[in-house]
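Descriptive structure summary
Chain by chain, the residues:
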Amino acid sequence: MTFGSYWTGIRMVELDPRTGKARAGATVHHLATRPDAPYAVEGPSLVKHGRYYYLFASYDACCAGVNSTYKIRVGRSTAITGPYTDSTGKPLLDGGGDLLLAGHGRYVGTGGESVFRTRGQDWLAYHYYDADDSGTPKLGLNRLGWTKNGWPEVL
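Sequence order as written defines the numbering, with residues in each chain counted from 1. Reporting of local features is limited, given that this is a predicted model, to residues whose pLDDT is at least 70; pairs of side-chain atoms are given and counted only at 80 or more, and all residues count toward the totals for whole chains, interfaces and linings. Side-chain metrics in this entry use all non-hydrogen atoms of the structure; hydrogen atoms and water are not considered.

In this section: the overall build of the protein chain. Counting from the N terminus, the helices are DSSP H or I runs at least four residues long and the strands are E runs at least two residues long. From N to C terminus, the protein chain includes zero helices and 11 strands. Written out in order from the N terminus, the α and β elements of the protein chain read β-β-β-β-β-β-β-β-β-β-β. Our radius of gyration is a C-alpha quantity, and the globule rule it is checked against amounts to 2.2 Å times the number of residues to the power 0.38. Radius of gyration (C-alpha) of the protein chain: 16 Å, near the 15 Å computed for a compact globule of 155 residues. Considering only C-alpha atoms, the protein chain reaches an extent of 50 × 35 × 35 Å along its principal axes. When contacts within the protein chain are restricted to residue pairs at least 6 apart in sequence, long-range pairs at least 24 apart make up 43% of them. Surface summary for the protein chain: the accessible area is close to 8,200 Å², and the carbon and sulfur share equals 51%. When charges are counted, Lys and Arg are positive and Asp and Glu negative, with His and the chain ends excluded. Charge coordinates come from a single atom per side chain, which is NZ of Lys, CZ of Arg, CG of Asp or CD of Glu. Of the side-chain charges in the protein chain, 17 are positive and 14 negative, and the distance between the mean point of each set is 7 Å. Throughout, a residue-residue contact means that at least one pair of heavy atoms, one from each residue, lies within 4.5 Å. Where accessible areas are quoted, they stem from the Shrake-Rupley method and a 1.4 Å probe; at the residue level, only the protein chains shown are allowed to cover.

Dropping the structure here:
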């Protein structure tokens, strides 16, 4: 299970399938953090595509309507427990992460993402605040493609 606290980064722990709780004595792996203010990274989504595991996470400030600065960043690793790096090789534990989706036009504070596959197509679901509708929170849904180098891109 991946989980993340707004201030202390993204972590992972193995669950016991019988109880749904963390396995006794399980290692808690630290996957991503922000070494600089505002430190905010949370809401991980982990997906395997090809030979890589991709860690999607929400960075910056959520839940302030049209003043939100939430955005989605991504890193990848060949091991589920990391280390995760961005396309330049910068570790997500050192603040790395490629920008996948940020606010644009009426779509403000894009984040809280999940990646899923249906009918052979990958999708990115997220929330945003609609600047053209008094900052009403709404669901965003975009097709997700993959570059020749294996990085996700919003279509």
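Next up on the list: the sheet that holds strand 3 (residues 29-32). Within a sheet, neighbouring strands are paired by backbone hydrogen bonds and run either parallel or antiparallel to one another. Strands sit in the order 1-2-3 across an open sheet of three strands; the sheet is antiparallel. Each of the sheet's edge strands pairs with one partner strand only, and the pair in question is strand 1 (2-5) and strand 3. Between one strand and the next, the sheet's axes are offset by a mean angle of 35°, whatever the strand orientation. The pairing criterion for strands is at least two bridges between them, as found by DSSP. Where strand 1 meets strand 2 (residues 9-12), four bridges bridge the pair, whose relative direction is antiparallel. Bridging across to strand 2, T2 finds its partner in M12. Lines fitted to the C-alpha atoms define the axes, with helices restricted to the stretch that makes contact. Angles between their N-to-C directions range from 0 to 180 degrees.

So, about the nonpolar core. Core analysis: the biggest nonpolar cluster contains 15 residues, and Y54, F56, L124 and L144 have the highest contact counts within it. What F56 contacts, discounting residues up to four positions off in sequence, is G43, P44, S45, V47, R73, V74, L100, E113, V115, L144, W146 and P152. Definition of nonpolar core: a set of buried residues of the types Ala, Val, Leu, Ile, Met, Phe, Trp, Tyr and Cys, connected through side-chain atoms within 4.5 Å. Each residue's exposure class comes from its accessible area (1.4 Å probe, protein chains only) as a fraction of the maximum for that residue type: buried when under 20%, exposed when over 50%, partly exposed otherwise. By size, the runner-up hydrophobic cluster in this structure holds 10 residues, among which are L55, Y59, Y84 and L92.

Along the chain, the position of D86 falls in the loop between strand 6 (71-77) and strand 7 (98-101). For this analysis, a salt bridge means a side-chain nitrogen from Lys or Arg found within 4 Å of a carboxyl oxygen belonging to Asp or Glu. No salt bridge is formed by the buried D86; the nearest opposite charge belongs to K90, separated by 6.4 Å. Pairs of N or O atoms are called polar contacts if they sit within 3.5 Å, as long as, within protein, a hydrogen donor faces a hydrogen acceptor (for residues adjacent in sequence, only side-chain-to-side-chain pairs). Within polar-contact distance, the side chain of D86 engages the side chain of T88 at 2.7 Å. Excluding residues that lie within four positions of it along the chain, D86 makes contacts with V74, L92, G96, G97, D98 and W151.

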